Amino acid sequence: MMQRYTVAGITFAVTLPEGVDASVLPSFAPFVANVDDAEDAFRFDAAASLALPEDAECIVTDSNDMGESRVLQSSGWEGFYVELTFAGASHLMRVDPSFRHGEGYLNWDDPYAGMVLGSMLRITFAQVALSHEAISLHASCVANEANAYLFMGASGTGKSTHSRLWMKAFPGTLLLNDDNPVIRVEGDVVRAYGTPWSGKTHCYKNLSFPVAGIVRLSQAPANAFVQKQDIEAFLEVYQGSSVLRTDETLHGQLCDTLMRVIELVKIGHLECLPDEDAARVCRDGLKLKR
């Protein structure tokens, strides 16, 4: 069966094998696109049969809460192979150079197969989104007074904690996404979108808000906000942007979009404690004129 989804205004199609239905992707339910003739940004066939070529060479490795991944290239394929391993089971995907056509070979006996498929779609979406002036960020994102605020930082920095401090300090604050929101340049506005990917937090909201600030966090003995501009602002956001950095085209698209983002959005760095005052210092810093 084929199912379409729309995330951040970008529609894509997923084909599942016989006997497998969309319930394997529960976090995608709010993003179902009820259209039959959409122009798909990419198509992903999760019913493919693949094998990793003997000459495949690894070019990128990564590990996170979702397991380990390896990006590989082979002389017989112009695009990329991605091997995902979680809880001892391995799964394989293959994409063309543009990431617009993907195939997944999953072990459907693995109880985590649906979660792995979601990861495959996240990887593919993040690369395709770049051609739509959209960036998938490793961040926690809240909405307050009809604006979005994104908090970035290395794992363990306290992104999720800071979002919850905003929710406690400022009544009416909404958690939009806790791990992988998408920002997209739309004219002279940057909007933040909820996605089906939110880490360990079940927060899958098909909503969007204009971005009023992006802040990188670091733990410190006191709370202090510093506004960043130009190359410093670029680097604050770049560090948490999803892109296959070895691909010149994709990396160029990311950099072009990031330049627009730092022109339109206030970027800051917050040294902080895990207390409500940190949320107030952050919001006050973002409200100052650029």
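Note that the structure is predicted; figures quoted are calculated from it, not measured. Residue numbers run consecutively from 1 along every chain, following the written order of its sequence. Whole-chain, interface and lining totals are the exception, using all residues; otherwise, since this is a predicted model, local features are given only for residues with pLDDT of at least 70 and side-chain atom pairs are given and counted only at 80 or more. The side-chain values count all of the structure's non-hydrogen atoms but skip hydrogen atoms and water molecules.

> Whenever I open this one, the sheet that holds strand β7 (residues 89-95) confuses me. Can you help?
Sheet strands line up and pair through hydrogen bonds in the backbone, either parallel or antiparallel. Pairing between strands is defined by DSSP: at least two bridges between the two strands are required. Runs of E in the DSSP output that reach at least two residues are strands. Runs of H or I that reach at least four are helices, and both are numbered from the N terminus. The eight strands lie next to each other as β1-β2-β3-β8-β7-β6-β5-β4, forming an open sheet whose pairing is mixed. The sheet is open, and its two borders are formed by β1 (2-7) and β4 (57-64), each paired with just one other strand. Neighbour-to-neighbour, the strand axes of this sheet turn through a mean angle of 20°, independent of strand direction. Examined bridge by bridge, strand β2 (residues 10-15) and strand β3 (residues 42-45) share four bridges and lie parallel to one another. By the bridge assignment, F12 is partnered in β3 with F42. Along the sheet, helix α1 (residues 113-129) contacts β1, β2, β3, β6 (77-86), β7 and β8 (101-105); its crossing angle with β3, the most-contacted strand, is approximately 155°. Whenever a helix is involved, its axis is fitted only over the stretch in contact; in every case the axis is a line through C-alpha atoms, and angles between N-to-C directions fall within 0 to 180 degrees. Residues are treated as being in contact if the distance between any of their heavy atoms lies within 4.5 Å.

> Is there a simple way to think about the packing of aromatic side chains in this case?
Two descriptors summarise a pair of aromatic rings, namely the distance from one centre to the other and the angle between the planes of the rings. Geometry of aromatic contacts follows a simple scheme: Phe, Tyr and Trp rings, the Trp one being its six-membered ring, pair when their centres are within 6.5 Å, and the pair is stacked under 30 degrees between planes, edge-to-face over 60, tilted otherwise. For the structure shown, the criterion picks out 12 aromatic pairs. Residues W166 and F170 carry aromatic rings whose centres are separated by 5.2 Å and whose planes lie at 80° to one another, so their mutual orientation is edge-to-face. According to the relative accessible area criterion, F170 is buried, its value standing at 7%. Counting every residue linked through ring pairs, the aromatic cluster contains Y5, F12, F28, F42, F125 and W197. For a lysine, the NZ atom is tested; for an arginine, the CZ atom; a charge sits over a ring if that atom is within 6 Å of the ring centre and within 35 degrees of the ring normal. Seen from the ring of W77, R94 lies directly overhead, with NZ or CZ sitting 4.1 Å from the centre. Only protein chains enter the area calculation, which uses a 1.4 Å probe; residues under 20% of their type maximum are buried, those over 50% are exposed, and those in between are partly exposed.

> Just checking my understanding: could you explain unusual backbone geometry for this structure?
With the exception of glycine, the majority of residues adopt a negative phi angle, and the majority of peptide bonds are in the trans configuration. The phi angle at A87 is positive, at roughly 55°, despite the residue not being glycine. Of note, A87 is situated in the loop between β6 and β7. If you check the backbone angles, A146 has positive phi at about 70° while not being a glycine. On the secondary structure map, A146 appears in the loop between β10 (139-144) and β11 (147-152).

> Just checking my understanding: could you explain the side chain of R4 for this structure?
As for its placement among the helices and strands, R4 is situated in strand β1. By relative accessible area, R4 is classed as buried at 10%. Of note is the side chain of R4, whose polar atom sits 2.8 Å from the side chain of D40. Polar contact criterion, stated in full: a pair of N or O atoms within 3.5 Å, where within protein one must be able to donate a hydrogen and the other to accept it, and residues adjacent in sequence count only if both atoms are side-chain atoms.

> What should I look at first to understand the pattern of salt bridges in this one?
When the charged atoms of two side chains lie near each other, side chains of opposite charge can form a pair. Any carboxyl oxygen of Asp or Glu within 4 Å of a side-chain nitrogen of Lys or Arg constitutes a salt bridge here. Within the structure shown, the criterion is met by 11 salt bridges. The salt bridge involving K168 is made with E276; its shortest N-O contact spans 3.7 Å. Residue K168 is located in helix α2 (residues 159-169), and its partner E276 is located in helix α5 (residues 276-287); the two are separated by 108 residues in the primary sequence. Here the residues in one salt-bridge network are R4, D40 and R43, joined through shared partners.

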